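# Coordinates in review
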Amino acid sequence: MRLTAADHAAVSAAVTAAELRSDGEIVTIVARSSDAYHDVGLHYAVLAMLLVLSLLAAFPQAVDVVHVFTGDAWGEHVSTGTALTIATVSAAVTFLAVRYLLAIRPLRMALTPRATKARRVHARALALFRASAEHRTIAATGVLLYLSLDEHRAEIIADAGIHDRVSPDVWGHAMASLVTALKDGRPGDGMAAAVQEIGDVLAEHFPRSAGDTNELPDRLIEL
């Protein structure tokens with residue numbers, strides 16, 4: 001899922017139109033992903049390794065099947081040293097196999113818990129808000145609309161001047177418009193629709209004053 005030049009133009013035009021109706025400033029940012037989630041792959045690899053060791057501990061007789069490789073074909077059981085070697089090698093092979101398997105990004109993304117994705121997207125959105133919109137307008141009326149494509153998640157974060165007068169649940173309609181279009185594979189249309197909804201809220205609470213100027217860029221920023 002990618003945004004085209006037409007999507008960029010539509011979102012930027014929506015921002016310009018929304019800001020003509022209010023003193024608010026809307027910043028739109030879209031990112032391919034909010035995190036690489038390499039730590040998730042590492043965590044799964046460690047869990048798989050521990051699972052193998054747990055199974056060997058629960059069923060120690062399983063290592064006896066390799067007694068033919070110990071050099072003592074007549075031995076009833078493998079030695080303790082051999083058993084420990086088998087356990088160590090098995091754990092190491094399992095760790096490396098899972099770690100390299102989850103180096104495949106789509107698989108790693110599919111196995112990443114939704115709660116983890118939500119936290120990472122929110123953290124990235126907050127960091128971008130602080131860098132691009134927070135306290136960058138005279139009346140603290142900046143709003144960030146952030147979309148993270150791989151996670152299929154979005155965030156709306158408002159500056160202090162807006163947050164004090166508009167409760168977070170007011171942005172629900174904007175988020176619903178974005179999510180609906182995103183599910184249909186139309187991220188550009190979704191962001192444009194969300195911007196229009198945000199503009200409606202800003203126009204209601206912060207109608208445009210005579211001396212209002214454009215303080216933040218209207219163009220869609222794609223990371």
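Everything below is about the structure printed above this text.
Everything in this summary refers to the structure shown in the same document.

Rules of the game
- Residues numbered from 1 in each chain as written.
- Predicted model: local features only at pLDDT ≥ 70, side-chain atom pairs only at ≥ 80, totals over all residues.
- Heavy atoms only, no water.
- Helix = DSSP H or I, 4+ residues; strand = E, 2+ residues; numbered from the N terminus.
- Rg over C-alpha atoms; globule rule 2.2 N^0.38 Å.
- Contact = heavy atoms within 4.5 Å.
- Areas by Shrake-Rupley, 256 points an atom, 1.4 Å probe, with all protein chains shown as cover.
- Lys, Arg positive; Asp, Glu negative; His and termini not counted.
- Charge placed at Lys NZ, Arg CZ, Asp CG, Glu CD.
- Expected span 1.5 Å × (residues − 1).
- Buried < 20%, exposed > 50% of the residue type's maximum accessible area, 1.4 Å probe, protein only.
- Arc of directions from axis to C-beta.
- Core = buried A, V, L, I, M, F, W, Y, C linked by side-chain atoms within 4.5 Å.

What follows deals with the overall build of the chain. For the chain, the count of helices and strands is eight helices and four strands. Taken over C-alpha atoms, the radius of gyration comes to 27 Å for the chain, far larger than the 17 Å a tight globule of 223 residues would show. The principal-axis extent of the C-alpha atoms belonging to the chain is close to 95 × 35 × 25 Å. Counting contacts in the chain only where the partners sit at least 6 residues apart, residues at least 24 apart contribute 74% of the total. As displayed, the chain offers around 12000 Å² of accessible surface, 63% of which is attributable to carbon and sulfur atoms. Counting 19 positive and 25 negative side-chain charges, the chain places the averaged centre of each group 3 Å from the other.

Moving on to helix α7 (residues 172-183). Residues separated by three or four positions in an α-helix point in the same direction, a consequence of the helix having 3.6 residues per turn. For α7, spanning twelve residues, the distance from its first C-alpha to its last is 16 Å, which sits close to the expected 16 Å at 1.5 Å a residue. Among the residues of α7, those classed as buried are Ala 174, Leu 178, Ala 181 and Leu 182. Angular distribution of buried residues about the axis of α7 spans 105°; they occupy a single face of the element. Of the exposed residues in α7, those oriented more than 90 degrees away from the buried face are His 173 and Lys 183. Among the structural elements, β2 (142-148), β3 (153-158) and α8 (187-205) are those in contact with the buried residues of α7. Residue Gly 185 follows α7 closely and has a positive phi angle near 80°.

The nonpolar side chains of a soluble globular protein tend to be buried with one another. Residues Leu 145, Leu 147, Ile 162, Trp 171, Met 191, Ile 198 and Leu 202 are the most contacted members of the largest nonpolar core, which totals 29 residues. Per-element tally for this core: the top contributor is α8, with seven residues. Setting aside its immediate chain neighbours within four residues, Leu 202 contacts Ser 22, Gly 24, Ile 26, Val 143, Ile 162, Trp 171 and Pro 207. Listed in part, the 13 residues of the second largest apolar core include Ala 125, Tyr 146, Ile 157 and Ile 221.

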